[in-house]
Each structure stands twice: as C-alpha cells, then as structure tokens.
Amino acid sequence: MKKIKLLTALALASAAFAVSAQNIATVNGKPIPKSLQDEWVAQLVANGGKDTPEARRQITENLVANALVEQEAAKRKISDDPKVKFALDYAKFRILQEALLRDEMAKHPVSEKEIKARYEEEKAALGNKEYEVSHILVKDQKTAENKLAAGGNFAALAKEFSVDTGAKENGGDLGWNRPAVFVKPFADAVKNMKKGEISKAPVKTEFGWHIIKVNDVKEVPFPTYDSVKDQIREGLELKKQQNFLNELMKTNKIEYGK
C-alpha cells in the first residue's frame, strides 16, 4: 500500500512539474503559459526581430507586467468605467474588422490580371501629355462670349474678371497638369487644343463658363507597370474591402431605431 501511495505521489509531482514547465511565470497564482511567450516571439520574428534568450526574457517581463496591470485593474473595477468600456469595445471592433478583411482578401485576392487591367485604364485615361493651362472663369455665357470676342492680354483679363480666386492673381495660370485632373468638359477642350491656342467658344462646367488658353504642351512618360503595381494593388484591395462591407450592409437584416 505504501508503495502504491509513493508511486501516486511521484506521478502527481511529475504532472505538476510538467504543468509548471509549460508556464514561464505565475502572477498571484495565475500562470502565464509558455505558448503565450511563443506567440509574442513569433510576432517579433515576423517583424524582423530575432528569437534570443534576451528577447524572451524581455517578453516575459512584459507579460508579467501586463498580468499585474490586468489584475490590479480588475481589483479596482476599472473596466466598469463607461469610457474604458467604450475603448475596449472599439479596440475589439477594430481588431475583428482588420482580421475579417484580411481573411476576405486571402479568400478573394487581387489578381495580377486585375492590376494590369487597372494600369491600362489609368494609362489610357491620363494619356502621355501635360498641358500648361490658363483660364478665365465667369458666371454667365454672355460675359464669357463678350470677353472672348474682345480679346486683349489674357493674364490681365483673368486678373480683372475671373471669379477663380485661386488662379486669378496668377493671370489665370493653372500650371502643368494632365487633362484628367480637370472636370470632363474642361479636359475634353484642353485635349483638343494646341500650344498658344485660346478656346474658340466658352466651355461650360459646374463652376461656370471658362475661356481657356493652352500656354504649352509637353510629352510625359507614363510610369512603368512595375513602379506602380503595388500602389494599384493597394487601391484595388481597398475598393474590394469597401465593396465587401457594403455587401454585408445589403445582405443582412438591419433595423434602425426611431
């Protein structure tokens, strides 16, 4: 009987040692498992750090400090504070949202074909020319036609009559731009004009009536695919993520309070 009791005691002691070996510390009776330390080390390595004894010691100290803060906060019932509750809820929401979107992107990644298609679209839309453009903006068509017919020094007329406060002091100069940066009617007019040419008729946009002058034109190389593909990929991923969130809004039952 004594031998059986001794074997039982040894087995229990061995089991307790095994459990203890799985923990890196115990804070007021609450164990911190080595698996948690391993997760932190994995994150450190993923961010370019190294798995060293010193790194593990520092992580252990941080985890002990975290446990002490958590326990003390629980004693003081800090989590009952409405502001703290909101911060915790918001942090949880952000973490879950980011994890969900990562999972969605893993399941539906942006393909190389999509990136190349968007590159060609942007290349076609932006073109390979930049225009140095000036304009005079007025509120009505008659005024624009009168000023166009009268002629004269374009910069002086812009300073006197243009309602575009951002450009009038520079003689209506809008600087060098690709046509795509302008609203469509303005852009379409610019693309069909040559260096030194003034629009034959006023151009109407949502801002008013424009008299346009193309001061100069130059050829500009479009960025290479390799130089912008990562940027395009990020833009497409953001769009996919937003579409995914919009689809959640459409396909789930939502009832708003009055």
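Please refer to the structure placed before this passage.
Thresholds applied
Residues numbered from 1 in each chain as written. Predicted model: local features only at pLDDT ≥ 70, side-chain atom pairs only at ≥ 80, totals over all residues. Heavy atoms only, no water. Helix = DSSP H or I, 4+ residues; strand = E, 2+ residues; numbered from the N terminus. Buried < 20%, exposed > 50% of the residue type's maximum accessible area, 1.4 Å probe, protein only. Areas by Shrake-Rupley, 256 points an atom, 1.4 Å probe, with all protein chains shown as cover. 1 Å grid on protein atoms, 1.4 Å probe; cavity = no way out; pocket = protein on both sides within 12 Å on 5 of 7 lines; lining within 4 Å. Points joined across faces, edges and corners; volume = space filled by probe spheres on them. Nonpolar A, V, L, I, M, F, W, Y, C, P; charged D, E, K, R; others polar. Pairing = 2+ DSSP bridges. Axes fitted to C-alpha atoms, helices over the stretch in contact; angles between N-to-C directions. Contact = heavy atoms within 4.5 Å. Core = buried A, V, L, I, M, F, W, Y, C linked by side-chain atoms within 4.5 Å. Phe/Tyr/Trp six-rings, centres within 6.5 Å; stacked < 30°, edge-to-face > 60°. Lys NZ or Arg CZ within 6 Å of the ring centre and 35° of its normal.

## Looking at the overall build of the protein chain
1) Next: Scanning the protein chain for helices and strands turns up 9 helices and 6 strands.
2) Next: With the C-alpha coordinates aligned to their principal axes, the bounding extent of the protein chain is approximately 120 × 50 × 40 Å.
3) Next: In the protein chain, which comprises 258 residues, the proportion classed as buried is 24%.
4) Next: For the protein chain, the computed accessible surface area is about 18,400 Å², with 57% contributed by carbon and sulfur atoms.

## A closer look at the layout of surface pockets
1) Next: Of the pockets and cavities examined, the largest pocket occupies roughly 180 Å³.
2) Next: Taken together, Arg 118, Tyr 119, Glu 122, Leu 126, Phe 222, Pro 223, Val 228, Gln 231, Ile 232, Gly 235 and Leu 236 make up the lining of the largest pocket.
3) Next: For the lining of the largest pocket, the elements supplying multiple residues, two or more each, are α5 (112-126) and α9 (225-251).
4) Next: Broken down by class, the residue content of the lining of the largest pocket amounts to 7 nonpolar, 2 polar and 2 charged.

## Some thoughts on the sheet that holds strand β6 (residues 208-219)
1) Next: Taken together, the 4 strands give an open sheet; going across it, the order is β4-β3-β6-β5, and neighbouring strands pair in antiparallel fashion. The sheet is open, and its two edges are formed by β4 (173-177) and β5 (203-205), each paired on a single side. Between one strand axis and the next, the sheet turns through 40° on average, direction left out of account.
2) Next: Contacts between helix α6 (residues 141-150) and the sheet are confined to β3 (129-138) and β6, with β6 contributing the most and set at about 50° to the helix.

## Section: the nonpolar core
1) Next: In terms of nonpolar packing, the biggest core is built from 11 residues, these being Tyr 131, Val 133, Phe 182, Phe 186, Ala 187, Ala 189, Val 190, Met 193, Val 203, Ile 212 and Val 214.
2) Next: Those elements that place two or more of their residues in this core are β3, α8 (184-191) and β6.
3) Next: When residues in this core are grouped by element, the largest group, 4 residues, is from α8.

## Section: the packing of aromatic side chains
1) Next: Overall, the coordinates contain 5 aromatic pairs when judged by the stated rule.
2) Next: Summarising the aromatic geometry, the rings of Tyr 119 and Phe 222 are spaced 5.5 Å apart at their centres and angled 65° between planes, so their arrangement reads as edge-to-face. You can see Tyr 119 sitting in helix α5 and its partner Phe 222 sitting in the loop between β6 and α9, a full 103 residues away along the chain. A single burial state applies to Tyr 119 and to Phe 222, both of which are buried.
3) Next: Consider the rings of Tyr 119 and Tyr 225, whose centres lie 5.4 Å apart with planes at 85°: the pair is edge-to-face. Taken together, the residues Tyr 119 in helix α5 and Tyr 225 in helix α9 connect sequence positions 106 residues apart.
4) Next: Joined through ring pairs, the aromatic side chains of Phe 86, Tyr 90 and Phe 93 make up one cluster.
5) Next: Stacked on the ring of Trp 176, the Lys or Arg Lys 218 has its end atom at 4.4 Å from the ring centre.

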